[in-house]
Amino acid sequence: MNSLRAKLVLRMVLVVSLFGLAVSGVFHVVTRSLLLSDFEHELETEMTFVTGLTKVFPDGDVYVDLDSEVVTEYGLEANRLYQVWDADLAEVLDRSVWLEQTSQFVALADEGEGPTIVVSRFDTVLPDGRPARAHLKYIDAQWGWFDSEPDKDVNESVRATAVWLLVARDRSELNRSLNRLMWLTVAMAFLLPMLAAWAVRWTVKHSLKPLSAVTEEITSIRSTMPAHRLHETWPVEIRPLTQAFNALLERLNSAESRQRRFAAAAAHELRTPIAELRTVTDVALRGQAKHDRLTDALRQCNAVSHRMQETMNGLLELAKQQSHSNLTPNTSVNVTALVTELIEEQRGFMQKRSVNVEMSPLASIMIDSHEPSLRMILNTLVSNAVVHCPVGSNVLVTLANGPLRVIFDNDAPALSADDIEHLFDPFWRPATSTTPEDQCNEQPHFGLGLALAKDAAEQLGLELSAELKDARIRFEISSRILSGSVPDPITPEVDSP
Amino acid sequence: MRILIVEDSLMLRENLAIGLRDAGYAVDTAADGIVGLELSTDNSYDLVVLDIQLPGLDGLAILERLRKQGNKVPVLMLTARDTVQDRVLGLRSGADDYLVKPFDFDELLARIEALIRRHHKEAHNRIITGAMTVDLDCKQVSRDGVDVPLAPREYALLEFLVLNRSRVVTRSEIEEHIYDERVEPMSNVVDSAMSSLRRAIDQTGEPSAIITRRGLGYQFNSK
């Protein structure tokens, strides 16, 4: 069963029904006991009462000396009865008015089994067929003369007269009450699960309404509403879900914005080479009589095609890196030697721009890493520094270990704090660059280098960050501990030079 | 007509210059914003083709500074930014026209001609002064319906004089507008061009189409 509501309803109905049935059962048992107990208690009280009125008189006559008011209660069709036997249960000495009037007797429970009375409390049937409850007790008869003539001399055998007294009560009413109780319990046993099912279903349905509302709100979010977020006033149980969903929307929005920026940047980046191609060909065709110009145009178109290919290669490389599919096994890399080598490769360009690179320290720092990726990252940072720093300025390169840190620090008067946010965006270039394209011809760049370096660094478990302070840009690459898909953590080791 | 191209792409800059020179314009170029601002401040151009994204100083900043200096030179923004906001921003910053890369060179030429014509308050591309007709579109001159063949430099000189026919133009103005910075103008170059132009357009027995104002300069004779 995959329905949360059905599961919840079923479980709650079962629990509530079982609990209700248990309560009903207990109620039935307790109420029945109370009714029976009350009935027995009243019968006992009546036995005591009648016992006090069962008297023997000097002539040996025994009867129940009832007041005239009380006698009526034992009158015609009375619910209360009594009957007195002699000590041997051989003769009925007295009985209720109704019994006398109808010439009937109450039968003993063990009738026919002899004079031994073993049952003192028993259910019986009255002569007219009504069910009754009876108490039977062997008692000493009260002296009937004692109140009026206490000093009267009476035979000892009379004084010691003992009798069997039976007190009975019609229990039809009690039986009806017990029947009603039973039916009430049965009805509760049937109705309670149904009521519980209805109540639980209603409650669950209403309790789950916010879920439906959340679903509706989520469904109503269109792709044209990127800024839409679920509101924060949901019940506390749903709030974590909506907050998580909002966070997911935020991430999706961010990814979409990044993609949009990337697509816009890629389109923008392609505009320039296309504009160059069109202008070169337009101008060449206008002067097509000049053979040299056509040749030159062809050469330029060829150069543009190479640059466009470089751009496409960069894009493919970026896509490859983002799919984490280009890693080969790690090797031991001397970071100091690698940075030195990369700086040397830039020597000619540095001289052309009168840029000086100061590097410290020169001690070898060995790490276990993916050499081609690390080379690409460091090469991007080196060339970025020497190409974009102002002419005649200094680039400071600092290496440290434990954990590994490589810092490139140079003047960047044209950059603003806003630029730092976009430095690692694909195709991003500052609105005003310090280096015209003429000077960059030996170092063609397409705004993909830092984006590639950032991705590659993340794959290697390195953190590449940029900071702008006092008109100086500082790129720092440092090792960090990553969880998940990082191939191997980088372990810096230092060798003595 | 002298045009300044401020564009950081070497290939675009060089080819635009070649194409515009072929079309008879004198062309100067700048690879970055700072040089572009210097050139446009120091020289009198008939039009500036200005890229927005430039090293040193961006195109919008150059434009704002030019306008603050009171420089009313027509500016054609040339950029890869194609959103409405970018166009609005460019035009509100003082640009006279906006062309998005990539563009057709013929369209660029047409827009340049239109801007120059508008700058000189000409409604049409065909200017008729007396018996002479100058077609700014086709760069052709005719007299009494007969085509007058002119070399590009002579045509440029005539066009400049015709567009400024309501006033006297000085020799230095001619030097500034007809010759770009690659040519070192010398006084006999202007005289020589003027002489060649007069020979081509004047008719025997009639007053010259170009009047020399001694000590002042030259003026096109509209009669």
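Values in this document were obtained by computation on a predicted structure and should not be read as measured data.

## What about the overall build of chain B?
Across its full length, chain B carries eight helices and 11 strands. Burial analysis of chain B (223 residues in total) assigns 55% to the buried set. For chain B, the accessible surface area stands at approximately 9900 Å², while carbon and sulfur atoms represent 49% of it.

## Brief notes about the nonpolar core
L20(B), Y25(B), L108(B), I112(B), L158(B), L161(B) and I174(B) are the most contacted members of the largest nonpolar core, which totals 51 residues. Among the elements that make up this core, the one with the highest residue count is helix α6 (residues 152-163) of chain B (eight residues). Ignoring any residue separated from it by four or fewer positions in sequence, one finds I174(B) in contact with L157(B), F160(B), V169(B), Y179(B), V190(B), M194(B) and Y218(B). Membership of the second largest hydrophobic core comes to 45 residues, among which are L381(A), V406(A), W428(A) and L464(A).

## Notes on the pattern of salt bridges
Counted according to the given criterion, the structure contains 38 salt bridges over all chains. A salt bridge links D22(B) to K290(A); the nearest nitrogen and oxygen atoms lie 3.9 Å apart. A residue pair is termed interchain when its members come from two chains, as with D22(B) in helix α1 (residues 10-22) and K290(A) in the loop between α7 (239-286) and α8 (291-322). In this structure, E113(B) engages K139(B) in a salt bridge whose closest nitrogen and oxygen atoms are separated by 3.9 Å.

## Focus on the confidence of the model for chain B
In this model, chain B carries an average pLDDT of 86, and 96% of its residues clear a pLDDT of 70 or more. Complex prediction metrics read pTM 0.52 and ipTM 0.72.

## Structural notes on helix α14 (residues 449-459) of chain A
Residue and element names in this part refer to chain A. The buried count for α14 comes to eight of 11 residues, which makes it a mostly enclosed element. Looking only at α14, the buried set comprises L450, A451, L452, A453, D455, A456, A457 and Q459. Phi for G461, located one or two positions after α14, is positive at around 80°.

## Side note on the sheet that holds strand β4 (residues 92-95) of chain A
Residue and element names in this part refer to chain A. One open sheet accounts for five strands, arranged β4-β3-β8-β6-β5; its pairing is antiparallel. Strands at the two margins of the open sheet, each flanked by one partner only, are β4 and β5 (121-125). With strand direction ignored, the average angle separating the axes of adjacent strands in the sheet is 25°. Where β5 meets strand β6 (residues 131-140), five bridges bridge the pair, whose relative direction is antiparallel. Note on β6: the bridge partner recorded for F122 is A134. Relative to the sheet, helix α1 (residues 4-53) contacts β3 (80-86), β5, β6 and β8 (162-170), its axis offset from that of β8 by approximately 140°.

## A look at unusual backbone geometry
A cis amide bond links K101(B) with the next residue in sequence, P102(B), at an omega value of -5°. Mapped onto the fold, P102(B) is located in the loop between β5 (97-100) and α5 (105-119). Although it is not a glycine, A471(A) adopts a positive phi angle of roughly 60°. Of note, A471(A) is situated in the loop between β14 (462-469) and β15 (472-479).

## Remarks on the sheet that holds strand β1 (residues 2-6) of chain B
Residues and elements named next belong to chain B. Taken in spatial order, the five strands line up as β2-β1-β3-β4-β5 in an open sheet, and their pairing is parallel. Every interior strand has two partners, whereas the edge strands, β2 (26-30) and β5, have only one. On average, each strand axis in the sheet is inclined to that of its neighbour by 20°, with strand direction left out of account. Inspection of the sheet shows β1 paired to β2 by five bridges, in the parallel sense. The residue of β2 that forms the bridge with R2 is A26. Of the strands in this sheet, β1, β2 and β4 (75-79) touch α1, which is tilted by about 170° from β2. The strands that helix α3 (residues 59-68) touches are β1, β3 (47-51) and β4; relative to β4, the one it contacts most, it runs at about 170°.

## Details of the pairing of β14(A)
Residues and elements named next belong to chain A. As judged from the eight bridges shared by β14 and β15, these two strands associate in the antiparallel manner. When the sheet's bridge partners are listed, L464 is paired in β15 with I477. Between β14 and β15, which pair antiparallel and follow one another directly, the connecting turn spans two residues, one of which, D470, has a positive phi of 50°.

## Concerning the pairing of β4(A)
Of the pairings in the sheet, the one linking β3(A) to β4(A) comprises three bridges and is antiparallel in character. Among the inter-strand pairings, Q83(A) is bridged to a residue of β4(A), identified as R95(A).

## Topic: the environment of S195(B)
Residues and elements named next belong to chain B. One can find S195 in helix α8 (residues 187-201). Accessibility expressed as a relative area gives 32% for S195, which makes it partly exposed. Placed 15 residues apart in sequence, S195 and I210 show a C-alpha to C-alpha distance of 9.9 Å.

## A closer look at a nonpolar patch on the surface
On the surface, a cluster of nonpolar side chains totalling about 750 Å² of accessible area is made up of M182(A), W183(A), V186(A), F190(A), L191(A), M194(A) and L195(A). As for its placement among the helices and strands, L191(A) is situated in helix α5 (residues 172-207).

## As for the packing of aromatic side chains
Residue and element names in this part refer to chain A. Using the criterion set out here, one finds five aromatic pairs over all chains in the structure. Measuring from centroid to centroid gives 5.5 Å for W143 and W145, while their planes differ by 10°, and the two rings are stacked. Judged by its relative accessible area of 2%, W145 falls in the buried class. Members of the aromatic cluster, connected to one another through ring pairs, are W143, W145 and F146. The cationic tip of R130 hangs over the ring face of W98; the distance from NZ or CZ to the ring centre is 5.4 Å. A cation over a ring is seen here: R159 above W143, with NZ or CZ 4.7 Å from the ring centre.

## Notes on the packing of helix α9 (residues 335-345) of chain A against helix α11 (residues 371-388) of chain A
All names here are of chain A. Running from N to C, α9 and α11 cross one another at 50°; their axes reach a closest spacing of 10 Å. Between α9 and α11, the crossing angle belongs to the class labelled oblique. Considering how the two elements wind past one another, α9 and α11 form a crossing that is right-handed. Contacts between α9 and α11 involve V335, L338, V339, E341, L342, I343 and E345 from the first element and E371, L374, R375, L378, N379 and V382 from the second.

## So, the side chain of Q219(B)
Residues and elements named next belong to chain B. Tracing the backbone through its elements, the reader meets Q219 in strand β11 (residues 217-220). Using a relative accessible area of 13% as the deciding quantity, one classes Q219 as buried. There is a polar contact of 3.2 Å between the side chain of Q219 and the side chain of R213. Sequence-distant contacts of Q219, that is, excluding residues within four places in its chain, are made with R165, S166, R167, V168, A209, I210, I211 and R213.

## Remarks on the confidence of the model for chain A
Residue and element names in this part refer to chain A. Per-residue confidence for chain A gives a mean pLDDT of 81; residues scoring 70 or more make up 86%. Overall, residues 112-117 carries pLDDT values under 50, and its contacts beyond four positions in sequence, including any with other chains, amount to eight contacts. Between residues 481-497, whose pLDDT stays under 50, and residues either more than four places distant or in other chains, the model counts 33 contacts.

## Brief notes about α1(B)
The terminal C-alpha atoms of α1(B), which comprises 13 residues, lie 18 Å apart, in line with the 18 Å expected from a rise of 1.5 Å per residue. Looking one or two residues past α1(B), G24(B) carries a phi angle of roughly 100°, positive in sign.

## Focus on the packing of α1(B) against α5(B)
Residues and elements named next belong to chain B. Close contact between α1 and α5 brings their axes to 11 Å; oriented N to C, the two are set at 60°. By the angle between their axes, α1 is oblique relative to α5. Every pair of crossing elements has a handedness; the one defined by α1 and α5 is right-handed. Across the interface between the two elements, L16, G19 and L20 from α1 touch F105, L108, L109 and I112 from α5. Here the contact of α1 with α5 is composed, by residue class, of six nonpolar, one polar and no charged.

Conventions adopted
- Residues numbered from 1 in each chain as written.
- Chains lettered and ligands numbered in written order.
- Predicted model: local features only at pLDDT ≥ 70, side-chain atom pairs only at ≥ 80, totals over all residues.
- Heavy atoms only, no water.
- Helix = DSSP H or I, 4+ residues; strand = E, 2+ residues; numbered from the N terminus.
- Buried < 20%, exposed > 50% of the residue type's maximum accessible area, 1.4 Å probe, protein only.
- Areas by Shrake-Rupley, 256 points an atom, 1.4 Å probe, with all protein chains shown as cover.
- Core = buried A, V, L, I, M, F, W, Y, C linked by side-chain atoms within 4.5 Å.
- Contact = heavy atoms within 4.5 Å.
- Salt bridge = Lys/Arg side-chain N within 4 Å of Asp/Glu carboxyl O.
- pLDDT = per-residue confidence, 0-100.
- Pairing = 2+ DSSP bridges.
- Axes fitted to C-alpha atoms, helices over the stretch in contact; angles between N-to-C directions.
- Patch = residues over 30% accessible without salt bridge, like charges linked within 9 Å, V, L, I, M, F, W, Y side chains within 5 Å.
- Phe/Tyr/Trp six-rings, centres within 6.5 Å; stacked < 30°, edge-to-face > 60°.
- Lys NZ or Arg CZ within 6 Å of the ring centre and 35° of its normal.
- Parallel < 35°, antiparallel > 145°, perpendicular 65-115°, else oblique.
- Left-handed = near helix turned anticlockwise from the far one by under 90°.
- Polar contact = N/O pair within 3.5 Å; in protein donor to acceptor, adjacent residues only side chain to side chain.
- Expected span 1.5 Å × (residues − 1).
- Nonpolar A, V, L, I, M, F, W, Y, C, P; charged D, E, K, R; others polar.

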